[in-house]
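Results of the structural survey
Letter by letter, the chains look like this.
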Amino acid sequence: MPKKRLIIALSLVIVILAITGCNPIKQPVSQPPELTTPTESSTPTRPSGQLKVHFIDVGQADCILVQMPNDQNMLIDAGNNDDGNTVVNYLRKSGVHKIDYFIGTHPHADHIGGMDTVIKNFNTGKVYMPKVSNNTKTFEDVLKAIQAKGLTIAPAKAGVEIINSDGLSAVMLAPNATSYKDLNDYSAVIKVSFDQVSFLFTGDAQEQSEFQMLVSSRGVTPKADVLKVGHHGSHSSTTPAFLRAVNPRYAVISVGAGNDYGHPHQEILQRLSGIKLYRTDLDGTIVFTTNGKDINVNMSNHPVT
């Protein structure tokens, strides 16, 4: 074959190979990018924000404000009938504009007395009360206030999950039965946890309810860092077995100075020996603040007027 024709033929072969994607010259094979696994932090990301719990001094009564890191508010009880305006003023001073969760632990006046006044003055989300009534004007006034706002009552009972998100949870541990001889044992008991710190609010729950919480198989234990001592420090509550199960670092007694019941009873004070104890009759309003790890305590942070 003449040299000129050979050159033309080779040129045609090269063009054809280029068009078809063939490459007679072996090229290095490119490797797919190496898959990388995200490096896990040695410590899990902790939820941000603060949880503030106010044990409001309302004398021989209960009222607890829980300000949560998600900017929601929970109010547990609202003092006696005459405490309604006091509670309203305290909430406003604390920057509360809405009560997202309102829990009346049981229908005794020293726990639900101020509920009607608070409901009338604040936008209220969900209301929880145990399924038991009381033939009193106080109880009737609360029901009327709830109805007037177009609200309904969700039953307060063991296993009710109020909130569970972003390291924050609030769940009820009691009541565990539908019938009790004593109204105190109908008390809604709420455990609020934020990351590593938890609070247990026991209303006036007594020995029977405490025993039921210990034997319950619902998967939530009463273990807590801070215990709201049951029934204003009465010997009818805070049994040794229950206290051992809670094993708190701090305890708070909501109680009025010089009350007619002798609360807190001496045997309960002895039982709480070794636990850092606060009392509203001695310390005024007590405020716990936690970032989910550390706990700070202030007394009479917002003096009640």
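Residues numbered from 1 in each chain as written. Predicted model: local features only at pLDDT ≥ 70, side-chain atom pairs only at ≥ 80, totals over all residues. Heavy atoms only, no water.

**Comments concerning the overall build of the protein chain**
- On a plain count of helices and strands, the protein chain comes out with nine helices and 15 strands.
- Put simply, 67% of the contacts in the protein chain that link residues at least 6 apart link residues at least 24 apart. (Helix = DSSP H or I, 4+ residues; strand = E, 2+ residues; numbered from the N terminus. Contact = heavy atoms within 4.5 Å.)

**Comments concerning the sheet that holds strand 3 (residues 73–76)**
- Spatially, eight strands are ordered 6-5-4-3-2-1-14-15 in an open sheet, and the strand pairing comes out mixed. Because the sheet does not close on itself, it has two edges, and the strands there are strand 6 (153–155) and strand 15 (295–299). Ignoring which end each strand starts from, the neighbouring axes of this sheet average 20 degrees apart.
- The pairing of strand 5 (residues 123–129) with strand 6 spans three bridges and is classified as parallel. Note that in strand 6 the partner of M129 across the bridge is P155.
- Lying over the sheet, helix 5 (residues 137–148) contacts strand 5 and strand 6, oriented at roughly 135 degrees with respect to strand 5. (Pairing = 2+ DSSP bridges. Axes fitted to C-alpha atoms, helices over the stretch in contact; angles between N-to-C directions.)

**Side note on the side chain of K228**
- Structurally, K228 can be placed in strand 11 (residues 226–228).
- If we skip the residues at most four places from it in the chain, K228 touches F55, D62, I64, L200, F201, T202, G203, V252 and S254.

**What about the sheet that holds strand 9 (residues 189–194)?**
- Strands sit in the order 7-8-9-10-11-12-13 across an open sheet of seven strands; the sheet is mixed. Two strands close off the open sheet at either side, each with one partner strand: strand 7 (161–165) and strand 13 (276–279). Direction aside, neighbouring strands of the sheet carry axes that sit 20 degrees apart on average.
- Where strand 12 (residues 250–253) lies against strand 13, four bridges are found, and the strand directions are parallel. Bridged to V252 within strand 13 is Y278.

**Let's talk about the pairing of strand 14 (residues 286–290)**
- Taken across its five residues, strand 14 has five buried, putting it largely inside the fold.
- Residue alternation in strand 14 divides its side chains into two sets, I286, F288 and T290 and V287 and T289, and both sets are buried.
- Across five bridges, the pairing between strand 1 (residues 51–55) and strand 14 is antiparallel. Each residue of the ladder has a partner; that of H54, found in strand 14, is V287. (Buried < 20%, exposed > 50% of the residue type's maximum accessible area, 1.4 Å probe, protein only.)

**Regarding the confidence of the model for the protein chain**
- For the protein chain, per-residue confidence averages 88 on the pLDDT scale, and residues scoring 70 or more make up 83% of the total.
- Here residues 3–43 is a poorly scored stretch, pLDDT under 50, and it has three contacts once near neighbours within four places are set aside; other chains count.
- Under a pLDDT of 50 for its full length, residues 301–305 has, in the predicted model, 15 contacts with residues more than four places off or in other chains. (pLDDT = per-residue confidence, 0-100.)

**Side note on the environment of H232**
- Tracing the sequence through the fold places H232 in the loop between strand 11 and helix 7 (240–246).
- With a relative accessible area of 1%, H232 lands in the buried category.
- A C-alpha to C-alpha distance of 5.6 Å links H232 and I253, two positions 21 residues apart in sequence.
- The residues touching H232, leaving out its near neighbours within four places in the chain, are Q60, A61, D62, D110, H111, D204, I253, S254, V255, H263 and P264.
- In terms of polar contacts, H232 uses its side chain to reach the backbone carbonyl oxygen of S254, at 2.8 Å. (Polar contact = N/O pair within 3.5 Å; in protein donor to acceptor, adjacent residues only side chain to side chain.)

**Details of the nonpolar core**
- V66, M74, I162, F201 and F288 are the most contacted members of the largest nonpolar core, which totals 33 residues.
- If we skip the residues at most four places from it in the chain, M74 touches I64, L65, V66, M68, Y101, I103, I162, A170 and V192.
- Counting residues in each nonpolar core, the second largest holds 27 residues, with I56, V58, M115 and V127 among its members. (Core = buried A, V, L, I, M, F, W, Y, C linked by side-chain atoms within 4.5 Å.)

**Focus: the pattern of salt bridges**
- Within this structure, the stated rule accounts for seven salt bridges.
- Of the charged contacts, one joins K228 and D62 as a salt bridge, the two residues approaching to 2.7 Å between their closest N and O atoms. Highlighted residues: K228 in strand 11 and D62 in the loop between strand 1 and strand 2 (64–67), separated in sequence by 166 residues.
- Classification of D62 as buried rests on a relative accessible area of 1%. (Salt bridge = Lys/Arg side-chain N within 4 Å of Asp/Glu carboxyl O.)

**Brief notes about the packing of aromatic side chains**
- Overall, the coordinates contain seven aromatic pairs when judged by the stated rule.
- A ring pair is formed by F199 and F201, whose centres lie 6.1 Å apart and whose planes are at 10 degrees; its orientation type is stacked.
- We classify F199 as buried; its relative accessible area is 0%.
- Their ring planes at 85 degrees and their centres at 5.9 Å tell us that Y278 and F288 sit as a pair that is edge-to-face. In this pair, Y278 sits in strand 13 while F288 sits in strand 14, placing the two residues 10 residues apart along the sequence.
- Look at F288 and you get buried, because its relative accessible area is 0%.
- Within the aromatic cluster, the residues linked to one another by ring pairs are F55, F199, F201, Y250, Y278 and F288.
- Geometry around F122 places R92 over its ring, the cationic atom sitting 5.8 Å from the centre. (Phe/Tyr/Trp six-rings, centres within 6.5 Å; stacked < 30°, edge-to-face > 60°. Lys NZ or Arg CZ within 6 Å of the ring centre and 35° of its normal.)

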